[in-house]
Amino acid sequence: GPPPPRPPHPPMPPMPPPFFHGPPGIPPQLAAKLGIPQETVKKVQQMGFDANEALINLEAELKRAQLELERALAQPSPDELATLARLEAISRAELQVRKNRMSLMLKIRKLLGPQLWDQLQAELPMMGPDGPGSRHRGPPPGRAGFPDGP
């Protein structure tokens, strides 16, 4: 039959957040399994917090740029040059967001070293420059590891 109605507040906490969003870092059980030292786990978490803090302003800039474009397009006869300039502002803001995620990934990679990084990748196959469940589009499948073309 149909499942029973869900209580308004689930008794269980939600699923742990993805690697690059929410409380950042390597899940403790995974760190233990791979033998990643506690100090390294703490460093990764701190890098994540720092990058996520910077991301707040970057995502706000992106939303602001998108809003400016929508506002311009809502005009009866939008100015072409001004509209294209707003489009460029969106592209720059998107690039800053992507660079933030990419930079975090590269810093973590460098800290862990190639062997641990590969093991972590195997455990978390979704991990890419934008992180799993990211609101930002990563490279399309088949081009993994390459940034989007022009």
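Residues numbered from 1 in each chain as written. Predicted model: local features only at pLDDT ≥ 70, side-chain atom pairs only at ≥ 80, totals over all residues. Heavy atoms only, no water.

Colleague: Any chance you could explain the overall build of the chain here in plain terms?
Modeller: Counting its regular elements, the chain contains 3 helices and 0 strands. Each helix and strand of the chain, ordered N terminal to C terminal, gives the series α-α-α. Across the 150 residues of the chain, 29% fall into the buried class. For the chain, contacts bridging at least 24 residues in sequence account for 69% of all contacts bridging at least 6. Per element, the accessible surface of the chain, about 10800 Å² overall, is 62% carbon and sulfur. (Helix = DSSP H or I, 4+ residues; strand = E, 2+ residues; numbered from the N terminus. Buried < 20%, exposed > 50% of the residue type's maximum accessible area, 1.4 Å probe, protein only. Contact = heavy atoms within 4.5 Å. Areas by Shrake-Rupley, 256 points an atom, 1.4 Å probe, with all protein chains shown as cover.)

Colleague: Just checking my understanding: could you explain the side chain of Thr83 for this structure?
Modeller: Checked against the element boundaries, Thr83 lands in helix H3 (residues 80-123). Note on Thr83: relative accessible area 13%, which makes it buried. When sequence neighbours within four positions are dropped, the list of residues in contact with Thr83 reads Leu69, Ala72, Leu73 and Pro78.

Colleague: Which parts of the structure should I look at to understand the confidence of the model for the chain?
Modeller: Close inspection of predicted coordinates is inappropriate in any region flagged by low pLDDT. Per-chain confidence: the chain averages 79 in pLDDT, with 67% of residues scoring 70 or above. This model gives residues 10-22 a pLDDT under 50, and the stretch forms 29 contacts once residues within four places in sequence are excluded. Of the regions scoring below 50 in pLDDT, residues 130-150 engages in 33 contacts with residues more than four places distant in sequence or in other chains. (pLDDT = per-residue confidence, 0-100.)

Colleague: Would you mind going over the nonpolar core with me for this structure?
Modeller: Within soluble globular proteins, side chains that are nonpolar generally end up buried alongside one another. Ile26, Leu34, Ile36, Ile108, Leu112 and Leu120 are the most contacted members of the largest nonpolar core, which totals 15 residues. Listing elements by their share of this core, those giving two or more residues are helix H1 (28-34), helix H2 (38-73) and H3. For this core, the element with the most residues is H3, which contributes 7 residues. Counting residues in hydrophobic clusters, the runner-up holds 7 residues, among them Leu62, Ala65, Ile90 and Val97. (Core = buried A, V, L, I, M, F, W, Y, C linked by side-chain atoms within 4.5 Å.)

Colleague: When you look at H3 in this model, what are you seeing that I'm missing?
Modeller: An α-helical turn contains 3.6 residues, so a residue and the one three or four places further along point in the same direction. Taking 1.5 Å as the rise per residue, H3 with 44 residues should run 64 Å; its terminal C-alpha atoms sit only 48 Å apart, a clear shortfall. The largest bend in H3 comes to about 115°, at Gly113, with the proline Pro114 one to four residues further on. (Expected span 1.5 Å × (residues − 1). Bend = angle between axes of the 7 residues up to and from the residue.)

Colleague: For this particular structure, what's the right way to read the packing of H2 against H3?
Modeller: When two helices pack together, their arrangement is captured by the angle between the axes and the distance separating the axes. Where H2 meets H3, the closest approach of the two axes is 8 Å, and the angle between their N-to-C directions is 170°. Between H2 and H3, the angle falls in the class roughly antiparallel. In terms of residue class, the contact of H2 with H3 is built from 20 nonpolar, 7 polar and 8 charged. (Axes fitted to C-alpha atoms, helices over the stretch in contact; angles between N-to-C directions. Parallel < 35°, antiparallel > 145°, perpendicular 65-115°, else oblique. Nonpolar A, V, L, I, M, F, W, Y, C, P; charged D, E, K, R; others polar.)

Colleague: Looking at this structure, I do not really get the pattern of salt bridges. What am I missing?
Modeller: Between side chains of opposite charge, pairing is possible as soon as their charged atoms come close. According to the stated counting rule, one finds 5 salt bridges in the structure shown. With its nearest N and O atoms 3.1 Å apart, the salt bridge here joins Arg71 to Glu68. With a gap of 3 residues between them, Arg71 and Glu68 both fall in helix H2, about one helical turn apart. The class for Arg71 is partly exposed, based on a relative accessible area of 48%. (Salt bridge = Lys/Arg side-chain N within 4 Å of Asp/Glu carboxyl O.)

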